[in-house]
Structure formats: C-alpha cells, structure tokens
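# An overview of the molecular structure
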Amino acid sequence: MLIPFFSFSQNINTLFSEKGEVYFSFKYKNKTQLDNISDIVSLDHKTNNTTAFAYANKDEYGSFLKLDIEHIIIPKKRLNYKNGSKNNWDYYPTYEEYTEMMQAFADSFPSICKIHHLGTLNSGREILIVQISNNIGQKENEPSFLYTSSMHGDELAGYILSLRLIDYILNGYGNNTRLTDLVDNIDIWINPLANPDGAYAGGNQDVWSASRYNANWVDLNRNYPDPEDGAHPDGNAYQTETNIFMGLADTVNFTISANMHGGAEVCNYPWDTWSNITADNNWWEHVSNEYADSCQANSGNGYFNYLNDGITNGWDWYEVDGGRQDYMNYFKYCKEFTLELSDDKTPNPNDLPTLWDANYPSLLNYMEQSLFGIRGIVTDSITGNPIKAKVEITNHDVDSSHVYSNLPIGNYHRYLYQGNYSLTFSKAGYHSKTINATILNQDIIIEDVQLVPFGSTNIFELNNSKTNSQSFDILGRESTNKKIKIIKTKDGNIKKQIIIN
Ligand SMILES: [Zn+2]
C-alpha cells in the first residue's frame, strides 16, 4: 500500500516517531538531477531509469523536502515470514544463534577456522568475521580474500549465503578438491553481518523489522572516505562499524573482495562516485559476467539479469559517494565489487535455498579469481628480505589501480584482463625494475622480483640488448654477458653476478 505525498505541514516528527529512517520513491528528470539528490538522501538499489527509491533519516528527509519533489512514502511494515529450519538453511537465525554459529565454526574446525571479534557496538552487538586457512594465523604467500554482507541491515540474502558458504567450505575441506584447494591457497575472510544493529533493529529475536541504516540512522555505505569527495562525504562522523572495517582493511591487506547487498540482482563494479572508467574495466566486465552468467545458469528464468544482463558500472546506474567499494579500490588497492543478490531485500526464508543454488558456484568462481593474474614476491636483492614495493603498469594504471607488495611476505597480486603488460616495481632507495608479462584469463603468472638497493653498494644493471648508456659496466667495459649486475661493496670489492630472469 502506498501513502500519497503529504503536505509539508505534517509534522516530520510523527513520520520518524517509530523508526529513524523512511523509504520513499519519486520520479526524476535526468541523471544530473538524480546525482544531486544522491548527495542528500540514500538512493536505493531499486532505482531504475524513471523512478528512484531512496532512504532518508530525519535530517536528510528535511533537506529533501526543500527540493519540493513529489514523492511517495512507502511504509516498511514488519515482515510476517515464517522461518524454516536451521538445517535446511531456509532460516534467519536470532542474533544469539548467529553468534553461536560463528563460534561453532571455529570450535568445530580449529585447524582451519578462527573467529575474530572485530569490535562491539554500543548496543552490545558484535562485528564478527571468520578466517579460513590451512595455516590459520600465519601470514603466507597467498591472496587475502574478503566476503562481507549486509552493511545495509535489511539486505539479508547475503547474510545467510555467507553463513552457508562458511559451513560449506569448512565441511568440504579434505573431501572436495575444489574447496580444499581454496582453503590451501587463499587466506579467506567472511563477515556475514556488517550491520547487526540494522538487521536486528526490531530486537535480537528476528530480522523481520530490519533497517537499512545503523543504530545512529546513518547509511554505512555512504560513510567511507571517497576518492572524489574526500573525508566524511556524508557529513557524519565515521561510525563504529566503518572504523572497524577500515581497521580490518589496514591490517589484512585484502587483494580482492565483494560486498553483498540486496534490492536488485546485478554485479555493480567500480566506480560509484565518478564517471571515470577504471584501468581494469575489461577485467571487471569479465569477472562480473562470470558471476552473472553462472547465476543465470544455476537458476530459473529471470534471475540475475538486471541492467546489462546482470552487470553494471556503478556510476552508470546511480552515483554513490562514500561507498565502501570505491574506498577499498581507491584507498586500499583491493579489487572490490558489489553483489546485489536478490530483488527482495529480505527474501522469504523459503527462497534462501534457491538463492544458494544460484549463487554458490559464482561465489567460488570469484574466490578463485584471487589466484589468477600476475603474482610473486618482491625482495631486496642483497639481503633477500621481502619489501613493500609499488607495482605499477605502464600506460595502464590510473586512479590508484596500482598495487603494493605486502609485508611480511612481500607478496603482490595484480589482477588483469588477458594481454601484454609492462610492470614496474619501485621503492624509495632501490633501483626500479620493469618486466614484461603476458597474462591469460583464468591463469596464474608468477614473477618474483629482486630490487637492487642504492646506498651501501653501487650497482649497475647491464643488458647488451639495450643500446642505451647503461650497456657498460662499472669499470667502463662493454658487457658481453646477456645480463649481469656488478656490485661494488663498501670495502671496494667488486662482485659480479649473472641475473637469471
Ligand atoms: Zn545495499
């Protein structure tokens, strides 16, 4: 039931007396107008070519009213779904059941699963994440992968799919080759519920009164630093949930991730904040199509085909400032996209098994993408110690699409669409090094790189295939070696070393 637009004279306080957010729809004229409105209220994923849907807290709604745009308030009523059973996964747990499940994963599989308590909200609810690895707690030469869901507290398909994915991977380890390979080769992190105060806004007993916003009525997906708009693009302080995830991203150095939402059925890839196309647009289209195609193949008619057959550039759909996707890509050098998993934000529990069947092959595919592209370890050529170096691709990288090797291992992971690339490794105090690589989709290229330090030694790299001024050695002699480096140590001794590439 829709309640027609009401006059400004109605008391806004009444509207917000029960819940700190309202949901409404309106018609818009063009994208410019929509983008301007997006600065004021939170556009919802249901937004399409003619009609926008939006959420607003009391202040945001007050600002929206000043635009004098006709709109319709859509009452969000308590859902009256009936849970199925926990064993069949057609079930939303209570908050306590959720925390018990997360603890039970770690308790049941202590050698490959660890629970991390990332932080406690004022409500007492926790942000929890499980880490799954064959060498739990050890840093390895592996990509760190993140799934996180439901930062919009009423978008809950991914909440259950994430829990079921954890269960599926843990029980498959040692039994299923594909799942065993994932655990053996990837540092997997899964956070099923990023906004527990929103999901359980109606109380810990069920999710039937979930809200999009957190307990302070802030949209967490507008609360991150933005590549274009800088700090606090929404005008709010960073929320506890936001600080927890920024801290996690600082600690773990995720290389690839996905953020699960609902309200539509589409992969949304960067950017959200501006019309710039990413350096890796063809890679994004490739992995997004892989996700959508597999969902379509594993479901009935009409699932996951919204917008461009189940994929969209974020900004093309509608602008988002302060979103987590852009934050992770721009500031954390992590390839993150947004998965909109179901038209129904909180699906009927009966539909959850079908959603699982449609999505879990795609979820595994995307995890495997973390292993592809070019990767290796960057070390100091003298000491052999791993170093944090910048890995930049000539005539390709733009808008922070480069990556860094991560300590303590020195591993880097650069995801690329197939083609020929020239990668330069650099770090202050070291000679830069450039390598060429041919990348194939769904394939791994390993290139370990040694960087030669300035300072205590004088080093020249020689390569007589080059005709430039570097084709002589430290003593001024033409080099006949294919590629050698000559090191003059502090005490004046000269070492010569063949470089094998
Ligand atoms: Zn969302």
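Note that the structure is a prediction, hence the values are computed from the model and not measured. (Residues numbered from 1 in each chain as written. Predicted model: local features only at pLDDT ≥ 70, side-chain atom pairs only at ≥ 80, totals over all residues.)

### Overview of the overall build of the protein chain
Applied cut-off: Starting at the N terminus, helices and strands are each numbered in turn, a helix being any DSSP run of H or I of at least four residues and a strand any DSSP run of E of at least two. Whether a residue is buried, exposed or partly exposed is read from the other C-beta atoms within 10 Å of its own C-beta, which are placed from the backbone; 20 or more gives buried, 12 or fewer gives exposed, and intermediate counts give partly exposed.
The secondary structure content of the protein chain amounts to 13 helices and 23 strands. Counting all 501 residues of the protein chain, 44% fall into the buried class.

### Digging into the sheet that holds strand β4 (residues 71-73)
Our working rule: Each pair of strands is called paired provided DSSP finds at least two bridges between the two strands.
With antiparallel pairing, 4 strands are arranged side by side in an open sheet as β2-β3-β1-β4. On the outer flanks of this sheet lie β2 (42-43) and β4, each paired with one strand and no other. Bridge analysis of strand β1 (residues 22-27) against strand β3 (residues 51-56) gives 6 bridges, and the strand direction is antiparallel. Considered in β3, the bridge of S25 is made with F53.

### Structural notes on the sheet that holds strand β14 (residues 390-393)
Overall, antiparallel pairing links the 4 strands, which are arranged β15-β14-β17-β18 in an open sheet. Strands at the two margins of the open sheet, each flanked by one partner only, are β15 (403-404) and β18 (433-439). Note: β14 against β15, 2 bridges, orientation antiparallel. Each residue of the ladder has a partner; that of V391, found in β15, is V403.

### Things to note about the pairing of strand β12 (residues 335-342)
With 8 of 8 residues buried, β12 is to be regarded as a mostly interior element. In this sheet, β12 lies alongside strand β9 (residues 256-261) in parallel orientation, the contact comprising 6 bridges. Each bridged residue has a counterpart across the sheet, and for N259 the counterpart in β12 is T338. In the sheet, strand β10 (residues 264-269) pairs with β12 via 5 bridges, with the strands oriented antiparallel. Residue pairing across strands places V266 opposite E340, the latter belonging to β12.

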